[in-house]
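Structural description and commentary
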Amino acid sequence: MSEQQSTITSGLVENRVFPPSEAFVKAARVSGMPAYDALCAEAAQDFEGFWARLARENLNWTKPFTQTLDESQAPFYKWFADGEINASANCLDRHMGTAVENKTAVIFEADDGTVTKTSYKELLARVSQFANALKAHGIQKGDRVLIYMPMTLEGVIAMQACARLGAIHSVVFGGFSAKAVQERIIDVGAVAVITSNYQMRGGKELPLKAIVDEGMALGGCEAVKTVFVYQRTATACPMLAGRDKTFSEVLAGQSADCAPVPVGAEHPLFILYTSGSTGKPKGVQHSTGGYLLWAKVTMDWTFDLKPEDVFWCTADIGWITGHSYVAYGPLAAGATQIIFEGIPTFPNAGRFWQMIERHKCSIFYTAPTAIRSLIKAAEGDAKVHPDRSDLSSLRILGSVGEPINPEAWMWYHKHVGHEKCPIVDTFWQTETGGHMMTPLPGATPLVPGSCTLPLPGIIAAIVDEVGNDIPNGTGGILVVKRPWPSMIRTIWNDPERFKKSYFPEEMGGKLYLAGDGAIRSADRAYFRITGRIDDVLNVSGHRMGTMEIESALVAKTDLVAEAAVVGRPDDVTGEAICAFVVLKRPCPSGDEAKAIAKELRDWVAKEIGPIAKPKDIRFGENLPKTRSGKIMRRLLRSLAKGETITQDTSTLENPAILSQLGQTY
Ligand code: WT7
């Protein structure tokens, strides 16, 4: 792929365009822009017919659906509602008796480098056996099961086994705290927990089971009857007799045959918590049929999946990316995928590149944060530079989770993709279930930093505060105008919050509000995401609500009187968390301030998880407030960035605190 023009006028105007090579277009599943346009036209002409065709072609239904979209209770949309299906059967059983049966489903590389390969046939047996173990412990259709597992094959098996029984899983990322585990167990009403004694990350053995115990000891988790414990390492962990069972114990004697339980297409496949703009995380509820459809179709379209591809999505199963593009999409599509337990910097920062070479990875999907940190590492140490590895197996690169800055894009393109791999910059969210806007590798001319165009059937637009369309070239609010099959169905236990958050009345109640700002280019009508418009930060591609961190800080009642959290740009993590704190004692400085800052970081790690730790902590006698008492967040954002304050501070009640708040600990 060659560069057509090469002038960048500024960070905002990007003129470089990289069209796919002719050979790539020719071989692609969606071949060229006319093929993309034809799919969009099909969706425009007969919206329901388009989705119904995809659903019939891509999924096996135990009972065919007759109705495609039910809008009668909008915005609680239903898709394929009278159809019946099982997600696990569509990921595993459907491949039996085909060429995929004996194909490698998963190449697992452990933290220490040990590699294990599992075929589709073997995976089906292992999922079935584990599903039987769950069944033997009373778990059935509709039950909620909390999964707190490391990034191992067993994590995927646990998810698939739940899906096989129609049990609803809720995966909690292994970096979340005991309190987060407890809150999710309670909110979701879990009857069982699946966890691991320890997890291995970067050569370190870190506890998981002990954190579950600690969370459950906080109370309110009495509905949990069984805790299933995978023994990832030889180290013993505390086990409560009667409640806690090891995997080997429960798998003993279980058959490797387990009939998948058909469920209605709208039956929840899973609930995944994500941060919102209030303190309490939202339990995003996804369906079975519509969700799986999009996971499968986007594997084919966005990643142009071919039978010989080796796919690698580096996301953890604790996030939506690990659900759609590790646990479900690749399996539904019959792909061979790499699952990696460890971290990109262990034993050195060349690990990703070495793994691509080792496993002949052809499609590599990761986050801009990882790319930026590996650029830094490669620039500091030639031994971990991607140029040291044979990356010739790669044909498509992907980016997900946050805007990718053009510099990082160009490096990824040059040093990883060797200027021949299209980069698919996929914009989507926990709530959307799968990709919404992304280039198609064999069709869309790429522009660095732009997620380009919506996928066929996704009707995205940019509007003003009341929902009116905005012309290209002008920034506004990103919305989706029509429902799509993999969309969030509701917020678990909170349908009102679902309506308010995603279909606000102020905008007419019919537009899906993504929560991001965006702008379309005047020339190509390409979308570029300009960042969240709510109080949600994006740190290393992970969503963090500022209110959630504020609530955690003020919960330290012996120390903290008031706290405000804002984001500031960070070279590696995209955004960094900056907390402004007023203590219940005089404003500290020097070593005392350092010690308190550490105490607060440890506290936030305990309350939410290490990912929520503020990078910067600043202390003041007070926060900058207007005379009516409102915290001036815009001013805090400027302070966090280290900008000199040019804003009008005349309404500020106590201007003197600005200099106090200038010091970072
Ligand atoms: C938020 C969703 C998508 C799965 C991982 C994150 C931001 C996501 C992009 C992108 C610019 C992006 C948005 C979005 N985001 N992908 N390609 N370009 N921004 O899922 O935790 O639900 O976060 O991530 O702000 O709203 P999530």
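Residues numbered from 1 in each chain as written. Predicted model: local features only at pLDDT ≥ 70, side-chain atom pairs only at ≥ 80, totals over all residues. Heavy atoms only, no water.

**A word on the site of the ligand**
Lining the immediate environment of the ligand, one finds 18 residues, of which Asp425, Thr426, Thr430, Asp516 and Arg532 sit closest. Interatomic distance of 2.5 Å between a side-chain N/O atom of Thr430 and an oxygen atom of the ligand. One of the side-chain nitrogen or oxygen atoms of Arg532 is found 2.7 Å away from an oxygen atom of the ligand. Burial of the ligand by the protein amounts to 95% of the accessible area it has alone, namely 550 Å². In terms of residue class, the shell around the ligand is built from six nonpolar, seven polar and five charged. (Near = heavy atom within 4 Å. Polar contact = N/O pair within 3.5 Å; in protein donor to acceptor, adjacent residues only side chain to side chain. Areas by Shrake-Rupley, 256 points an atom, 1.4 Å probe, with all protein chains shown as cover. Nonpolar A, V, L, I, M, F, W, Y, C, P; charged D, E, K, R; others polar.)

**Quick look at the environment of Val297**
Turning to its location among the elements, Val297 is positioned in helix H10 (residues 289-302). Each C-alpha atom of the pair Val297 and Ala332 lies 9.3 Å from the other, and the pair is 35 residues apart in sequence. (Helix = DSSP H or I, 4+ residues; strand = E, 2+ residues; numbered from the N terminus.)

**Quick look at the sheet that holds strand S20 (residues 423-426)**
The mixed open sheet is built from seven strands, whose spatial order is S5-S4-S17-S16-S18-S19-S20. Both outer strands of the open sheet, strand S5 (115-119) and S20, are each paired with one neighbouring strand and no more. This sheet shows a mean twist of 20° between the axes of neighbouring strands, independent of strand direction. Across three bridges, the pairing between strand S16 (residues 310-313) and strand S18 (residues 363-366) is parallel. Opposite Cys313, over in S18, you have Tyr365 as the bridge partner. Sheet contacts for helix H5 (residues 120-136): strand S4 (104-109) and S5; angle to S5, the most-contacted strand, approximately 85°. (Pairing = 2+ DSSP bridges. Axes fitted to C-alpha atoms, helices over the stretch in contact; angles between N-to-C directions. Contact = heavy atoms within 4.5 Å.)

**Here we look at the sheet that holds strand S22 (residues 476-480)**
Overall, antiparallel pairing links the four strands, which are arranged S21-S22-S24-S25 in an open sheet. Lying at the two open borders of the sheet, with one neighbouring strand each, are strand S21 (460-463) and strand S25 (527-532). Looking at each pair of strands side by side, their axes are set apart by 45° on average, direction ignored. Bridge count between S22 and strand S24 (residues 512-520): four bridges; the pairing is antiparallel. Residue pairing in the sheet places Ile477 in a bridge with Gly517 of S24.

**Some words on the pairing of strand S27 (residues 542-545)**
Relative to S27, strand S26 (residues 536-539) runs antiparallel, the two sharing four bridges. Bridging across to S27, Asn538 finds its partner in Arg543. Joining the antiparallel neighbours S26 and S27 is a turn of two residues, in which Ser540 adopts a positive phi near 55°.

**Describing the packing of aromatic side chains**
Overall, the coordinates contain 41 aromatic pairs when judged by the stated rule. Judged by centre distance (6.1 Å) and plane angle (55°), the ring pair of Tyr77 and Phe503 falls under tilted. With Tyr77 in the loop between strand S1 (69-70) and strand S2 (78-79) and Phe503 in the loop between helix H15 (495-502) and S24, this residue pair connects regions lying 426 residues apart in the sequence. Using a relative accessible area of 6% as the deciding quantity, one classes Tyr77 as buried. (Phe/Tyr/Trp six-rings, centres within 6.5 Å; stacked < 30°, edge-to-face > 60°. Buried < 20%, exposed > 50% of the residue type's maximum accessible area, 1.4 Å probe, protein only.)

**What to know about the UniProt feature "binding site: Mg(2+)" (unreviewed entry) in the chain**
The positions UniProt marks with the feature "binding site: Mg(2+)" (unreviewed entry) are Val554 and Val560. Relative to the elements of secondary structure, Val554 occurs in helix H16 (residues 546-554). Dropping the residues within four chain positions of it, Val554 is found in contact with Val560, Ala561, Glu562 and Ala563. For Val560, the residues in contact, after removing those within four places along its chain, are Leu553, Val554, Val581, Val582, Leu583, Lys584 and Leu600. (UniProt positions renumbered as here; feature names shortened; annotations may be inferred.)

**Notes on the UniProt feature "domain: Acetyl-coenzyme A synthetase N-terminal" (unreviewed entry) in the chain**
Here the UniProt feature "domain: Acetyl-coenzyme A synthetase N-terminal" (unreviewed entry) sits at residues 36-91. Between the first and last C-alpha atoms of residues 36-91 the distance is 26 Å; the span itself is 48% helix and 11% strand.

**A few points about the pattern of salt bridges**
A full pass over the atoms with the stated rule returns 40 salt bridges. For the salt bridge of Lys179 with Glu607, the shortest nitrogen-to-oxygen distance reads 3.0 Å. Of this pair, Lys179 sits in helix H7 (residues 178-188) while Glu607 sits in helix H17 (residues 590-607); the two residues are 428 residues apart in sequence, bridging distant segments of the chain. The class for Glu607 is buried, based on a relative accessible area of 14%. As a salt-bridge pair, Asp304 and Lys306 come within 3.3 Å of each other at their nearest N and O atoms. Taking relative accessible area as the criterion, Asp304 reaches 2% and is therefore assigned buried. Assessed through its relative accessible area of 19%, Lys306 is described here as buried. One salt-bridge network, in which partners are shared between bridges, spans Lys209, Asp213, Arg243 and Asp244. (Salt bridge = Lys/Arg side-chain N within 4 Å of Asp/Glu carboxyl O.)

**What to know about the domain arrangement of the chain**
Each domain of the chain was delimited in the assignment, giving domain 1 (22-343 + 427-514) and domain 2 (540-661). For domain 1 and domain 2, the distance between their C-alpha centres works out to 34 Å. Taken together, the contact pairs 19 residues of domain 1 with 14 residues of domain 2. With both chains or domains summed, domain 1 and domain 2 bury close to 1200 Å², and 46% of this area falls on carbon and sulfur atoms. Taken together, domain 1 and domain 2 are joined by three salt bridges. Among the salt bridges present, the one from Arg543 reaches Glu431, with a minimum N-O distance of 2.8 Å. Summed over the shared surface of domain 1 and domain 2, the number is nine residue pairs in polar contact (both at pLDDT 80 or more). Of the residues that constitute the side of domain 1 that touches domain 2, the class distribution is five nonpolar, ten polar and four charged. (Domains from an automatic or database assignment. Buried area = accessible area lost by both parts, 1.4 Å probe.)

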